[in-house]
Amino acid sequence: MGDPPTPGDTHLHRYEIHKRVATRLRREPGVTSVAAEPSPMRPVRLVAMIDQSRFFEQQSAASEATLEFEWRPRSDRDTFRIQYTEPTTPWACGWHQDETHEEFGSSHFQVDHEAWERPYRESASFSDPNPMAIIEITLSELRERVPTLPEAVAP
């Protein structure tokens, strides 16, 4: 990804990160569209629409899901949010790296369910902090984990 971000000069790096991840997501089987919000020139997040049958290579009750990707370069530690949602289900899951829930380490995996009192959280570690490496790992883990969620982590 080049030089690490310079404090105060994060726009170019955020643009490059989102541009590269958008290109990668467009090549992913089952991803039907990728949009940058608020615009391709000033991306804050990406929203990918997923055809679940193609992405998971199995029949699914829901037909479409959403994968949101947000990355914010920081001089000390980047923050990110990669969130998967099925609009017809009462749960969502994702990976977060931010200033919250430090008891799980720098990043965590989280499952939210409208019927649960609290979200399920577990530590998530990435051997390579590069956004492209992290998107590869999370896409792979989505395929493995989502078919068993939320039952696999229910309280």
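Details of the structure are given in the entry above.
In this report, we go over the structure that sits alongside the text. (Residues numbered from 1 in each chain as written. Predicted model: local features only at pLDDT ≥ 70, side-chain atom pairs only at ≥ 80, totals over all residues. Heavy atoms only, no water.)

Counted by the stated rule, this structure contains 11 salt bridges. Residue lysine 19 is joined to glutamate 16 by a salt bridge in which the shortest nitrogen-to-oxygen separation is 3.5 Å. With a gap of 3 residues between them, lysine 19 and glutamate 16 both fall in helix H1 (residues 10–26), about one helical turn apart. A relative accessible area of 38% means that lysine 19 is categorised as partly exposed. For glutamate 122, the salt bridge is made with arginine 145, and the minimal N-O distance between the two is 2.9 Å. One end of the pair, glutamate 122, is in strand E7 (residues 120–123); the other, arginine 145, is in helix H3 (residues 131–145), and 23 residues separate them in sequence. We classify glutamate 122 as partly exposed; its relative accessible area is 21%. A single salt-bridge network, built from bridges that share partners, covers Glu37, Arg45, Glu68, Glu70 and Arg81. (Salt bridge = Lys/Arg side-chain N within 4 Å of Asp/Glu carboxyl O. Helix = DSSP H or I, 4+ residues; strand = E, 2+ residues; numbered from the N terminus. Buried < 20%, exposed > 50% of the residue type's maximum accessible area, 1.4 Å probe, protein only.)

Now for the sheet that holds strand E6 (residues 108–113). Read across the sheet, 7 strands follow the order E1-E2-E3-E4-E5-E6-E7 without closing on themselves; strand pairing throughout is antiparallel. Both edges of this open sheet fall to strand E1 (31–37) and E7, since each of them pairs with a single strand only. The mean inter-strand angle of the sheet, taken between neighbouring strand axes irrespective of direction, is 15°. Bridge count for strand E4 (residues 79–85) against strand E5 (residues 91–97) is 6 bridges, and the pairing is antiparallel. Counted as the bridge partner of isoleucine 82 is tryptophan 95 from E5. (Pairing = 2+ DSSP bridges. Axes fitted to C-alpha atoms, helices over the stretch in contact; angles between N-to-C directions.)

Turning our eyes to something else, we now look at the packing of aromatic side chains. Given two aromatic rings, one states the distance between the centres and the angle between the planes to describe the pair. The tally for this structure, following the rule as stated, stands at 7 aromatic pairs. Ring plane angle 85° and centroid distance 4.9 Å describe the contact between phenylalanine 55 and phenylalanine 56, whose orientation is recorded as edge-to-face. According to the relative accessible area criterion, phenylalanine 55 is buried, its value standing at 1%. Ring pairs connect the aromatic residues Phe55, Phe56, Tyr84 and Trp91, which therefore count as one cluster. Above the ring of phenylalanine 55, the side-chain terminus of arginine 143 is found at 3.8 Å from the ring centroid. Against the face of phenylalanine 109 rests arginine 145, its NZ or CZ located 4.0 Å from the ring centre. (Phe/Tyr/Trp six-rings, centres within 6.5 Å; stacked < 30°, edge-to-face > 60°. Lys NZ or Arg CZ within 6 Å of the ring centre and 35° of its normal.)

One finds Leu25, Leu67, Tyr84 and Cys93 to be the most contacted residues of the largest nonpolar core, which totals 33 residues. Every residue in contact with cysteine 93, bar those within four places of it in the chain, is listed here: Ile82, Gln83, Tyr84, Phe109, Gln110, Val111, Leu142, Val146 and Leu149. (Core = buried A, V, L, I, M, F, W, Y, C linked by side-chain atoms within 4.5 Å. Contact = heavy atoms within 4.5 Å.)

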